[in-house]
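# Report on the structure
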Amino acid sequence: MKYSIVLPLLATTVLAAPVVEQRQDAACTIPTTFPTTANDKLPNPFKFFDGRAVTTKADFDCKNKEVSAAMQAQELGDFPKKPSTVTATLSGTSLSITSTEGGKSVSFSVSIKKPSGSGPFPAIIAYGAASLPIPANIATITFNNDDIAAQQSSSSRGKGKFFDLYGSGHSAGALTAWAWGVDRIMDALEATPGAGIDPKRVGVTGCSRNGKGAFVAAALVNRIALGLPQESGSGGAACWRISDSEKAKGKNIQTSSEIVGENVWFSTRFNAFSTKSNTLATDHHQLAGLVAPRGLLSIENEIDWLGPVATTACMKASRLIYKALGVPDNMGFTGSGNHNHCSFPSNQQADLTAFINRFLLNQNTSTANIEKGPTADVSAYIDWTAPTLT
Ligand code: MCU
């Protein structure tokens, strides 16, 4: 084990401290405390919290580990590692997944709708029901995320199968608990070749609150090949700081201070930051940065509440991260004016198709320069420059 922290000794307990997620290939020192210095600009994705510069791709991998740890510590709550035992049983189109930890077990099922013919097929995991068209040559895995963590209202805290396993007091917000469910679906697909799904070609989607969920799952579950969050808005594609700035300009926009009271998507750890998002160690340009270099298309709308300027400027900053990694085309964002929430306008179809073709069907389709949205000046929120990582 190359980490300087002693994770192996804690291997069978649920960690109270931020958990390092599964990118354990590089030797990194992960801090356990994170800066809370006020900064109205988007935090520099190319500087470690201790001030060192991120100059190489290996550095960036380590930077992502500290970003993940900081987000877990300040917004998301702990993302648990794989439970001691995960088993899966396929029965017709239903894949039942049982996770056991500390003498407790929980089971949940997903349904798999496959193309005709013989697989293995690429697939998209859809939170609830997909709000975008999934092509006929891609399988749809329907994930009842509300079963893992409830999201009825602020009274849903600690309810759902995740909390049956880890305890109702676990720090995870619903977005993190759902990502844990996606991680278990990946375990099950890998262990069940008979399901006919290629685990290396799995995407994740959801709209609105479930779009926030799909975004966080793409960020935390590094086996996901393509993130397709739709209309995720605040808590997803929007940067908290830009949403606050838009609110100050009089927009009717969801901010951190509103979101912590509306529902249980975030950890209670986020409450301490809800009225001072400028003290967070990270912002959501780096949530997309966690997905890098994997595929990501943020699908947006221009409903004020979602923060069209906040999502557009934030995702422009994210594209600078992908560009620094030498893969600018692996991420894009597509908007299409104001339309019915979670409907999918036909003028976003070509962008969606391009990302699906490239990242799930392994086709040589261009996903270059997909940056569609309202005017949004990212330079007003940035006081750093992106290096070319070597
Ligand atoms: C965009 O997602 C949410 C939004 O964050 C909430 O404030 C609102 O209540 O619901 C949206 C949603 O999930 O709509 C289906």
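Remember, predicted model here, so these are calculated numbers, not experimental data. (Residues numbered from 1 in each chain as written. Predicted model: local features only at pLDDT ≥ 70, side-chain atom pairs only at ≥ 80, totals over all residues. Heavy atoms only, no water.)

## A look at the pairing of strand 7 (residues 226-230)
Note the threshold: Three labels apply to residues, based on accessible area from a 1.4 Å probe with only protein chains included: buried if under 20% of the type maximum, exposed if over 50%, partly exposed otherwise in between. Here a strand is any run of E in DSSP of at least two residues, a helix any run of H or I of at least four, and the numbering for each starts at the N terminus. Note on pairing: two strands pair once DSSP finds at least 2 bridges between them. The path from the first strand over the helix to the second decides the hand: if it runs clockwise while the strands point away from the viewer, the crossover is right-handed.
Judged by how many residues are buried, strand 7 sits mostly within the fold: five of five residues are covered. In strand 7, alternate side chains face the same way, and those of Leu226, Leu228 and Gln230 on one face and Gly227 and Pro229 on the other are all buried. Here strand 6 (residues 197-207) pairs with strand 7 via five bridges, running parallel. Within strand 7, the residue paired with Cys207 across the bridge is Gln230. Taken together, strand 6, helix 5 (residues 209-220) and strand 7 constitute a β-α-β crossover, and its handedness is right-handed.

## Remarks on the confidence of the model for the protein chain
Put simply, the test is: One number per residue, pLDDT, summarises how confident the predictor is, and it ranges from 0 to 100. Here, two residues are considered to be in contact whenever any of their heavy atoms come within 4.5 Å of each other.
The predicted model of the protein chain has a mean per-residue pLDDT of 94, with 93% of residues at 70 or higher. In the predicted structure, residues 1-24 sits below a pLDDT of 50 and forms 54 contacts with residues beyond four places in sequence or in another chain. The complex model carries a pTM of 0.93, and its ipTM stands at 0.97.

## Side note on the site of the ligand
For the record, the criterion: Here, proximity means that at least one heavy atom of the residue falls within 4 Å of the molecule or strand. Within 3.5 Å is the distance limit for a polar contact, defined as a pair of N or O atoms, with the added protein rule that one can donate a hydrogen and the other accept it, and that residues adjacent in sequence qualify only through two side-chain atoms. Throughout, the Shrake-Rupley method with a 1.4 Å probe supplies accessible areas, and for residues the shown protein chains are the sole cover considered. Any residue that is not Ala, Val, Leu, Ile, Met, Phe, Trp, Tyr, Cys, Pro, Asp, Glu, Lys or Arg is counted as polar, Gly included; the first ten are nonpolar and the last four charged.
Lining the immediate surroundings of the ligand are Ser208, Arg209, Lys212, Glu231, Gln254, Glu262, Trp265, Trp305, Leu306 and His341. One of the side-chain N or O atoms of Glu262 is found 2.5 Å from an oxygen atom in the ligand. Contact between the ligand and His341: an oxygen atom at 3.3 Å from a side-chain N or O atom of the residue. A total of 370 Å² of accessible area belongs to the ligand in isolation, and the protein chains cover 76% of it. Across the shell around the ligand, the residue classes tally to three nonpolar, three polar and four charged.

## Looking at the pattern of salt bridges
Quick note on the threshold: Throughout this description, the term salt bridge denotes a Lys or Arg side-chain nitrogen within 4 Å of a carboxyl oxygen of Asp or Glu.
Inspection of every chain in the model, using the stated rule, returns 17 salt bridges. Of the charged contacts, one joins Arg201 and Asp198 as a salt bridge, the two residues approaching to 2.8 Å between their closest N and O atoms. Of the two residues, Arg201 and Asp198, both sit in the buried class. Connected through shared salt-bridge partners, Lys82, Asp183, Arg184, Asp187, Glu190 and Arg223 make up one network.

## A few points about the sheet that holds strand 6
Definition in use: As a rule, the C-alpha atoms of each element are fitted with a line to give its axis, helices using only the stretch in contact, and angles between N-to-C directions run from 0 to 180 degrees.
In spatial order, the strands read 1-2-3-5-4-6-7-8-9; together these nine strands make up an open sheet with mixed pairing. Looking at which strands have only one partner, the edges of the open sheet turn out to be strand 1 (85-91) and strand 9 (331-334). Taken over all neighbouring pairs, the strand axes of this sheet differ in orientation by 20° on average, direction set aside. Summarising the sheet, strand 4 (residues 121-127) and strand 6 pair through five bridges and their orientation is parallel. In the sheet register, Ala123 faces strand 6, and the bridge partner there is Val202. Each of strand 8 (295-299) and strand 9 is contacted by helix 9 (residues 308-324), which is oriented at about 160° to strand 9, the strand it contacts most.

## Digging into the UniProt feature "domain: 4-O-methyl-glucuronoyl methylesterase-like" (unreviewed entry) in the protein chain
Operational definition: UniProt positions are given in the numbering used here, feature names are shortened, and annotations may be inferred rather than shown by experiment.
Those residues carrying the UniProt feature "domain: 4-O-methyl-glucuronoyl methylesterase-like" (unreviewed entry) are residues 97-326 in this numbering. The span residues 97-326 is 35% helix and 21% strand, and its two end C-alpha atoms sit 37 Å from each other.

## Overview of the packing of helix 4 (residues 174-191) against helix 5
What counts here: Oblique is the label for any angle not under 35 degrees, not over 145, and not in the 65 to 115 range, which are roughly parallel, roughly antiparallel and roughly perpendicular in turn. Handedness of a crossing is defined here by the sense of rotation of the near helix relative to the far one, left-handed for an anticlockwise turn of less than a right angle and right-handed for a clockwise turn.
Where helix 4 meets helix 5, the closest approach of the two axes is 8 Å, and the angle between their N-to-C directions is 60°. Here helix 4 lies oblique to helix 5, going by the angle between them. Here helix 4 runs over helix 5; the crossing is right-handed. Contacts between helix 4 and helix 5 involve Leu175, Thr176, Trp178, Ala179 and Val182 from the first element and Arg209, Asn210, Lys212, Gly213, Val216, Ala217 and Leu220 from the second. A per-class count over the contact of helix 4 with helix 5 returns seven nonpolar, three polar and two charged.

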